[in-house]
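Now for the letters of each chain:
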Amino acid sequence: MITSKNNALVKALASLKEKKFRDEKGEYLVEGFKMVREAFLAGKNVVALVGTESGINELETEKICPGFKNIAVVSEDVLSRISDCKTPQGVVCAIKKEIYSAEKPSGVSVLLDGVSDPGNMGTIIRTAAAVGVKDLYLANCCDPFSPKVVRSSMSGIYSVKLHFIDRSEIGEVFSSVELIAADMGGENVFGYKPQGAFCVAVGNEANGLSEETKRAADKIASIPMTKNAESLNVGVALSVMLYELVAGTDGKIID
């Protein structure tokens, strides 16, 4: 059992709570029985798994990851040092990042233009996975591999492809699909039916869409609200628009 917080593995895993080290190592942290179990079941590239003795036993590693060798038992104090949670669940693993190029989308996709709140980012990833959207494009956003985003995505991060692009690339990347930008001044999104592949773009929580996205947009769409409402949370707004545009009245989502 590892009991020292200065152990090399412990320090390496704990460093993944910081973006600098996630970028350097190309790895991110996943915590808790559900998400760790689903990481293995989804075939993710798990680099290391640590947990308390009871946590490792509860995870049932022989069932979910037979033959996986890089497992370490640690004390509760050491797990607390690694974990980003106030109350660690008992197991933590490190996973290799999967990052995709700025290739053009072919189906339904999402563009996040300056989304800065980790909770919103996690909600958006979770929603995209639920609807069946695979491609998420991120321009000037918060880190989708931060512990808070990963937790709030509820394993959704395992189902999507994250494309990191520059705002200067937006016009070219989405030139072959209909770019529908969410903005308060747009047309009512309800009842609108895109023809063919499309992308839904949402902007920064405080400042909205960038000029680059507005210029590239084929349609500006909005969600009707009462006069007393100033705006919707960006994660909620995207969820509403995605389900309306993808499912519509027939209630079908992407397979």
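The structure we're discussing is the one just above.
None of these values were measured; they are calculated from a predicted model.

S.K.: Just give me the short version of the nonpolar core, but keep the residues and values in it.
M.R.: Counting 51 residues, the largest nonpolar core has Val-30, Leu-112, Leu-136 and Leu-242 as the members making the most contacts within it. Leaving out residues up to four positions away in the same chain, Leu-242 has contacts with Val-108, Val-110, Thr-127, Ala-128, Val-131, Val-133, Val-200 and Ala-247.

S.K.: For the pairing of strand β8 (residues 161–164), give the residues involved together with the corresponding values.
M.R.: Two faces, one strand: in a regular strand the side chains alternate between the faces of the sheet. Where strand β5 (residues 99–100) and β8 come together, two bridges link them in parallel fashion. Bridging from a neighbouring strand, Tyr-100 pairs with His-163 of β8. By the bridge criterion, four bridges tie strand β7 (residues 135–139) to β8 in an arrangement that is parallel. Among the inter-strand pairings, Leu-136 is bridged to a residue of β8, identified as Leu-162. One crossover worth recording links β7 to the parallel β8 by way of helix α8 (residues 147–153), and it is right-handed.

S.K.: Explain the environment of Lys-161 to me, using residue names and the numbers behind them.
M.R.: With respect to the helices and strands, Lys-161 occurs in strand β8. We classify Lys-161 as partly exposed; its relative accessible area is 33%. The sequence separation of Lys-161 and Ile-95 amounts to 66 residues, and the corresponding C-alpha distance is 15 Å. Those residues in contact with Lys-161 that lie beyond four places of it in its chain are Tyr-100, Lys-134, Asp-135 and Leu-136.

S.K.: Report on the environment of Ile-170, specifying residues and quantitative values.
M.R.: Relative to the assigned elements, Ile-170 resides in helix α9 (residues 170–173). Accessibility expressed as a relative area gives 0% for Ile-170, which makes it buried. For the pair Ile-170 and Lys-5, spaced 165 residues apart in sequence, the C-alpha separation works out to 44 Å. Excluding residues that lie within four positions of it along the chain, Ile-170 makes contacts with Leu-111, Ile-165, Leu-179, Glu-212, Thr-213 and Ala-216.

S.K.: How would you sum up the packing of helix α7 (residues 118–131) against helix α11 (residues 234–246)? Please name residues and give values.
M.R.: Put simply, α7 and α11 touch, their axes get as near as 9 Å, and they point 15° apart. Here α7 is positioned roughly parallel relative to α11, judged by the angle of their axes. Relative to α11, the crossing made by α7 is right-handed. Mapping the contact onto sequence places Asn-120, Thr-123, Ile-124, Thr-127, Ala-128, Ala-130 and Val-131 in α7 and Val-234, Gly-235, Leu-238, Ser-239, Leu-242, Tyr-243 and Val-246 in α11.

S.K.: Quick one: what's the story with the side chain of Ser-153, residue by residue and with numbers?
M.R.: With respect to the helices and strands, the residue Ser-153 is situated in helix α8. Engagement of the side chain of Ser-153 in a polar contact is seen with the backbone oxygen of Val-150, the distance being 2.8 Å. When sequence neighbours within four positions are dropped, the list of residues in contact with Ser-153 reads Met-35, Gly-122, Ile-125 and Arg-126.

S.K.: Please provide a residue-by-residue account of the sheet that holds strand β3 (residues 71–73), values included.
M.R.: The strand order across the open sheet formed by four strands is β1-β4-β2-β3, and the pairing between neighbours is mixed. Either end of the sheet is taken by a strand with one partner, and the two such strands are β1 (27–31) and β3. Going from strand to strand, the sheet's axes swing by 20° on average, the running direction of each strand aside. Lying over the sheet, helix α1 (residues 8–15) contacts β1, β2 (46–51), β3 and β4 (91–96), oriented at roughly 110° with respect to β2. Sheet strands touched by helix α3 (residues 33–41): β1, β2 and β4. Its angle to β4, the strand with the most contacts, is close to 40°.

S.K.: Give a description of the sheet that holds strand β11 (residues 219–222) that names residues and reports values.
M.R.: Taking strand neighbours across the sheet as the criterion, the seven strands line up as β5-β8-β7-β6-β10-β9-β11 in an open arrangement whose pairing is parallel. Lying at the two open borders of the sheet, with one neighbouring strand each, are β5 and β11. Strands β6 (109–113), β7 and β10 (198–203) of the sheet are contacted by α7, whose axis makes an angle of about 160° with β7. Lying over the sheet, α11 contacts β6, β9 (178–188), β10 and β11, oriented at roughly 165° with respect to β10.

S.K.: Outline α11, listing residues and values.
M.R.: The terminal C-alpha atoms of α11, which comprises 13 residues, lie 18 Å apart, in line with the 18 Å expected from a rise of 1.5 Å per residue. Among the 13 residues of α11, ten are classified as buried, and the element is accordingly described as predominantly covered. Taken as a whole, α11 has its buried residues at Val-234, Gly-235, Ala-237, Leu-238, Ser-239, Met-241, Leu-242, Glu-244, Leu-245 and Val-246. Its buried side turned inward, α11 meets β6, α7, β9, β10 and β11. Its side-chain oxygen 2.7 Å from the backbone nitrogen of Gly-235, Asn-233 forms the N-cap of α11.

The rules behind these values
Residues numbered from 1 in each chain as written. Predicted model: local features only at pLDDT ≥ 70, side-chain atom pairs only at ≥ 80, totals over all residues. Heavy atoms only, no water. Core = buried A, V, L, I, M, F, W, Y, C linked by side-chain atoms within 4.5 Å. Buried < 20%, exposed > 50% of the residue type's maximum accessible area, 1.4 Å probe, protein only. Contact = heavy atoms within 4.5 Å. Pairing = 2+ DSSP bridges. Helix = DSSP H or I, 4+ residues; strand = E, 2+ residues; numbered from the N terminus. Right-handed = clockwise from strand over helix to strand, strands pointing away. Axes fitted to C-alpha atoms, helices over the stretch in contact; angles between N-to-C directions. Parallel < 35°, antiparallel > 145°, perpendicular 65-115°, else oblique. Left-handed = near helix turned anticlockwise from the far one by under 90°. Polar contact = N/O pair within 3.5 Å; in protein donor to acceptor, adjacent residues only side chain to side chain. Expected span 1.5 Å × (residues − 1).

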